[in-house]
Structure formats: structure tokens, C-alpha cells
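Structural description and commentary
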Amino acid sequence: MYIEVSQDFRKKTKAAVFSIAIFVFVYILLFLFTIALALGCIAGGIAIIAAKPMFITLMLGAGLAGTGLFVFFFIIKFLFKKHINDRSDLTEIRRNDEPELFRMIDEIVQEAGTNAPKKVYLSYDVNASVFYDSSFWSMFLPIQKNLTIGMGLINTTTKQELKAILSHEFGHFSQRSMKVGSYVYNVNQIIFNLVNDDESYRNSVEKFASISGYFSIFAALAFFFTGKIKWVLVKMYNFVNIRHMALSREMEFHADEVAANIAGSLALEESLLRLELANNSYQNVLSFYDNRYSKNESSKNIYREQFFVMNFLAEQSEVESKNGLPNIQLSESGLFNKSKLNIENQWASHPSQKERITKLRALNIVKEQDNLPAKNIFKNFQETEEQITSKLFSRVQYQKQKTDLEFEEFRSEFEKQYQKDSFDKIFNAYYDNKNPDFTVKESELTDEISFDELFSKEKVEWVYTLIALESDLKTVEAISKKEYAIKTFDYDGKKYKQTEAKTLIPTVKKAIEDIKEKIHQNDTVIYNYFAKKAEEQQKKADFIQLYKSFGEYDAEYDDQYKLYIDLMNATAFMNTKTPFEQIRKNFSDLKPLEEKLKYQITVFYQNEMLIKEMNEEDLKDLKFYTEKEHPYFNNNEYMEHNLQLLMKAINYLPYFLHRKYFYKKKELLKLMKELEEQNSIAKIS
């Protein structure tokens, strides 16, 4: 199969190759400089020793020679660096284990015109990737790639979709023109290693400096020279990397086209649209068990649970099903993204999902579909799921013998937790990312209005349009201050130069004010609608009290959260090297803040609603922390146990603040829902 690369691909390939050529030129200059410096330092060192042989000249000569050699080693150290990918989380499978999966891989390899993977691994997550160990020499020597397939991906795709995703991964290596991407990647890694991965180098120089006070002077000199070299290399890294990222975007489009030619446009589109939900579902299950760590509970089959959660969340969002899987539409995936701003992000290595799907639809390549579950490819997928799940949970250190939660219990507990931690669907996501308006005034409703009108799709879109506009404003302001290195951008379909960004700010601000006024008017009607229904049901005092109470807490929230920020700033010194006297002074200065923390934590843990989800050990630690004084530094040493208590209390502060906020909001919305339900019943009767 041959697919002609686009003009954009050719253009960005040339730009990437040009940037590499510039890097090579600059690197050669630096290399020659370090050779000259090393030879000069060695010659200078010999001359010092020869001029007057004695201990001090011997040390100075050796130190000067060491400076030159260390600077030279800095510039060549990447030649000996090999990047080995961590495989501890991967499980290798062989052809004899899963022949049908390997048949699919063979078909893809043959159609894509590339080489078969050296090894195939299963991973825990919702992903597929091709990886290889690399070094400087891998730019010149052929490398066999390895394929990783996530269990969470297999579990949530059809056979055709899995084939499309794997075809995309091999599409990156399907043509000779694609190899430049690997080459640019290696150059990027080399520069990155030179600039960032210098811990062993720094340790060697510091060890050299520790031999003698004389040598420490020359170690500082070596660091001075390498610091200047690093500054040049950072500039080169940015220069090469920005062109690599632009090329990577084109490579993604090209790999999508390869996948569409092998498995069809629709299969890749539908799998891409479901990917976020599938991954979100997997993360939800992991979070569920994170909260059960203290109860020594684990999963027998996390992927069965992921599949349930994916379909449960789809059902909650009223997403239709196709082939037994949620069929996410492009309009649904971007429902809450109302931004008018379009910047071609030159630092993004992947194009947006919308861009990819638009191109896939333009290709419109139709292939025969095999819509059976991808898991059917495996001999015994359930057994494999359980083995991978067992391996995943083996990394957790439980206090006692762990217990596998039965699926039915998981389902019941998850549904219960979901309902408890989310706002009712009756409000149509209107309040998911906004609060009731606390500035509204009570007034008579002039027109009869329905509940559905107040929370219609149009009104919900107002909320998300405001969120997008406020985000756009921040970005446009940043562009006007030249915080983004771009020349042009689009806003609401019109192209602007960076220098014109400032003139756009008033337009965006006006749009924000207009949409805010619309939402405020709707919130005023909402308040008065529910005040009227509450009065009809003799619950007006309850409604006003809950509304007022939530508003008061909303006003207090920022001040209370500021205590957390102040505490984090006041304890930041523990992460840096600090003189003993300063440490003692810092802990003394911390006392007033700590008293406030203890008071707040005590108030919070006396609230049954807030502590019912906490594990007993954390609650016990918080009570012990608040009831006693704890020294944190003694005999010039930190007291680790007490510091852990302090940090646990600090980290629980935002948790308590967030949970209290959530419960106050949920309590108000629950009453509003009950008022509407009673109103509906009254209408029927």
C-alpha cells in the first residue's frame, strides 16, 4: 500500500530536517570548542606543574586539566546513554498464546508494508503504542519495534476498531518518508539528555570537587562552562522540538490515513470518539479502589467493571448504543466546548480529535466491518483479564489479607457512590460547572414559564459559552503580552495577527458581559420560580435558608482556602536545603497558621457528613494531631512521623472545604428537585 504524503507533510519534514542540520552545525562548533578547551586546559595544567613542581602546582594543574576533560565529557556523554523502556507493568504474549490476535497483526503489517513487531505486550490501560529502546547509534542502525496493547482498549472496542487503532500505530512506520520522524525524535532525545539528564555527570564533578578544596574551584569552573553550553542547547532544543511537534501532527494524520485504508474510516472514527469515555471509566474504577485501600478490598476483574462503568456513564448521559458499545457522536464529544478561538498549537504533537475526524470523514474509506467484540480474539479473555488485574493489584501493599469485591457488590456500590457524588440529571448539567446566582432578587414572575425552559439545551449552552469565552479572554490577553510565540490566530472565523490581539480584548469582554447578563436573567427567573413553588408547598423558609447558607459559605470559601495556600508556602522550605537556624525560625513562624489549621480541622471532623467516607486511621491521625503539640525539628533533624501528621492535616483541609461546598450545593439542588417533583404531581392531580 502506498499513500502519498501531503504537501504540509513534505513542508514540515523539510523544516524538521533543516532544524536538525542547524543543530548538527551548532553541535560541531560546541564539540570543537570543548576539544580546544580540553587541550588548552591539559596543556595549561602541564605547564603549571612543569614551571615549578610542588604539591600546590600539582593540584592546580590536575584541577585545570580536570575542568577541560569534564567539559568535553559533558558534550559527548549522550553517546553512551541508552534509553531502556520500563517493562515491569507489561505482560508479554506470544503467537502460541493468542494466534488470532497475531493473525490480525500479521494482516496489518502486510497491508501497511512495515515490519512485524519484535515483541507484543499487554498493558493495564486504555491505549496502544509502538516503542523501542534507543540510543545515539539507533539513528544509524535498524531498530525492531515492540507493540503494546492496553487491556482497557481491547475491552471497549470491536474487532474492526482494534484493527484500526493498531493499523494507526504501525502506520507511523509504514513508509520510508515516515522514518524522518523517528530520526527527529532521536535528535530530540539526544538534546534532552544533554540538557536535562546530567545527574550522574553532576555527581562525578562533585565527587572530583570533594577530593580537595583546590579541585572545588575547578569544578565550579566546569559547571560555569557547561552552564553556558546548556543555555545554547536549550535554545537548540526549542528550535528543533517546535518543528518536530509540527511534523508529529502531520504524522498523526498520515497514520490515520493508513488505518482508514486498512480498517475503514468509520472504525477509527468511532473508536477515537469512545476512547475518552473508555479511559475515564477505567480511571473511575481505579479511583473507586483507591478509596477502598484502607478496607483491604481489591478487584477480581477490573476490566469487567470498566465495561460496566462505561455503559453506565453513557446511559446517564443518554448516549445511544451500537454493537453493544456507547456510540459517541462528534457533536456530543464537543458539547461543552464553545470556544471561538483557534490557535494552531505548534507545541502540540497530536492534532485535535475534531481535526482527525474531519479528515477521516473526507477520506470516507469503506471497509467490510467485523463488529464482534475485540475481546473475542482471545482464547479466554476473562482469564487474561483476571491475570492482568491480579498483577495490577499485586503492586498495592495492603495492611491485611485483601478481599476481592464481587462484581454485583461493585456495581451496587459504584452506582450508590455516583448518585451521591453527582447532581441530579433533572437540571441537564446546568449546575455541573456553575452555582446558583447569589445576587438575584425576589420578584413577581410576569410570565408563566416551565421547568424545562429554565434548563433547556440553549440555557445550558449559555453556561458553557461563558466558560469558553472567559478562557478565550485569558488566552487572547496572553497572546497580546507575547506569552505565546505565534504569528497569527483565528477568532470567530476571522484571522488576527499577534499584534492585533489587544484590539480583540474589548470584543471578547463585551461578549462575556452579554452572555453573563442572559444567564443572570435566567437565574433570576429560576430563583423566583422555585421561591413561588416553595411558597405554594409551605417550604419557602427552607428554600431561602438553604440558598442563603450556601451563598454565605461561597463567600467564605476563598478566605478559608487561602489558609491552605499559606500553609503550603510556609512549609515549602522542607523541600529545599535550609540552614538549621532558619528551619527553627520557619517552624516558629508556622505556629499561628497551624493554630488556625487545627481549629478548622477540628470543626470539620466533628461534621458527620464530612467524615463518613474517611478511613478510620486517617480520622484517628487527625484527632491526635489536633489534640496535642508536635515538635517537627529536634537535634538538627526533622521528626518524620510528626511531619507526616502535619502534612496529612494540611492536605485534608482542601478536601474538607470541597466536600462541604459540594454537600451544601447538593442539598439546595435536592430541595429544588423535590419542589419540582411535587409541582408535577400537583399538576397531574
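Everything numeric in this text was worked out from a predicted model, so none of it was measured.

The next thing to look at is the environment of Asn85. Along the chain, the position of Asn85 falls in the loop between β1 (82-83) and β2 (91-93). In this structure the C-alpha to C-alpha distance between Asn85 and Tyr132, which are 47 residues apart in sequence, comes to 7.3 Å. Beyond its immediate chain neighbours, meaning those up to four positions away, Asn85 contacts Phe131, Tyr132 and Asp133.

Taken as a whole and judged by the stated rule, the model has 31 salt bridges. Taking the shortest distance from any N to any O, the salt bridge between Asp490 and Lys495 comes out at 3.4 Å. Since its relative accessible area comes to 54%, Lys495 is described here as exposed. The closest approach of N and O atoms between Lys598 and Glu629, which form a salt bridge, is 3.6 Å. Of this pair, Lys598 sits in helix α19 (residues 580-605) while Glu629 sits in the loop between α21 (616-627) and β14 (633-634); the two residues are 31 residues apart in sequence, bridging distant segments of the chain. We classify Glu629 as exposed; its relative accessible area is 54%.

Turning next to the packing of helix α1 (residues 7-51) against helix α2 (residues 55-76). One way to put it is that α1 packs onto α2 with a least axis distance of 8 Å and a crossing angle of 170 degrees. By the angle between their axes, α1 is roughly antiparallel relative to α2.

Counting 79 residues, the largest nonpolar core has Phe530 and Phe543 as the members making the most contacts within it. Considering each element in turn, this core owes the most residues, 17 residues, to helix α22 (residues 640-684). Dropping the residues within four chain positions of it, Phe530 is found in contact with Phe427, Phe451, Phe455, Phe543, Met672, Leu675 and Glu676. Within the second largest apolar cluster, 67 residues are counted, among which are Val109, Phe308, Leu313 and Ile377.

Attention shifts here to the sheet that holds strand β3 (residues 120-123). With mixed pairing, the 4 strands of this open sheet are ordered in space as β2-β3-β6-β4. If you trace the sheet from one side to the other, it starts and ends with β2 and β4 (128-131), each paired once. This sheet shows a mean twist of 30 degrees between the axes of neighbouring strands, independent of strand direction. Packed on one face of the sheet, helix α5 (residues 159-171) meets β4 and β6 (146-150) and runs near 25 degrees to β4.

Attention now goes to the pairing of strand β12 (residues 488-491). Only one face of β12 is covered, namely the one carrying Phe489 and Tyr491; the face carrying Thr488 and Asp490 has none of its residues buried. Across 4 bridges, the pairing between β12 and strand β13 (residues 494-497) is antiparallel. Its bridge partner being in β13, Asp490 is matched across the sheet by Lys495. Two successive antiparallel strands, β12 and β13, enclose a turn made up of 2 residues, where Asp492 displays a positive phi of approximately 55 degrees.

Definitions and cut-offs
- Residues numbered from 1 in each chain as written.
- Predicted model: local features only at pLDDT ≥ 70, side-chain atom pairs only at ≥ 80, totals over all residues.
- Heavy atoms only, no water.
- Helix = DSSP H or I, 4+ residues; strand = E, 2+ residues; numbered from the N terminus.
- Contact = heavy atoms within 4.5 Å.
- Salt bridge = Lys/Arg side-chain N within 4 Å of Asp/Glu carboxyl O.
- Buried < 20%, exposed > 50% of the residue type's maximum accessible area, 1.4 Å probe, protein only.
- Axes fitted to C-alpha atoms, helices over the stretch in contact; angles between N-to-C directions.
- Parallel < 35°, antiparallel > 145°, perpendicular 65-115°, else oblique.
- Core = buried A, V, L, I, M, F, W, Y, C linked by side-chain atoms within 4.5 Å.
- Pairing = 2+ DSSP bridges.

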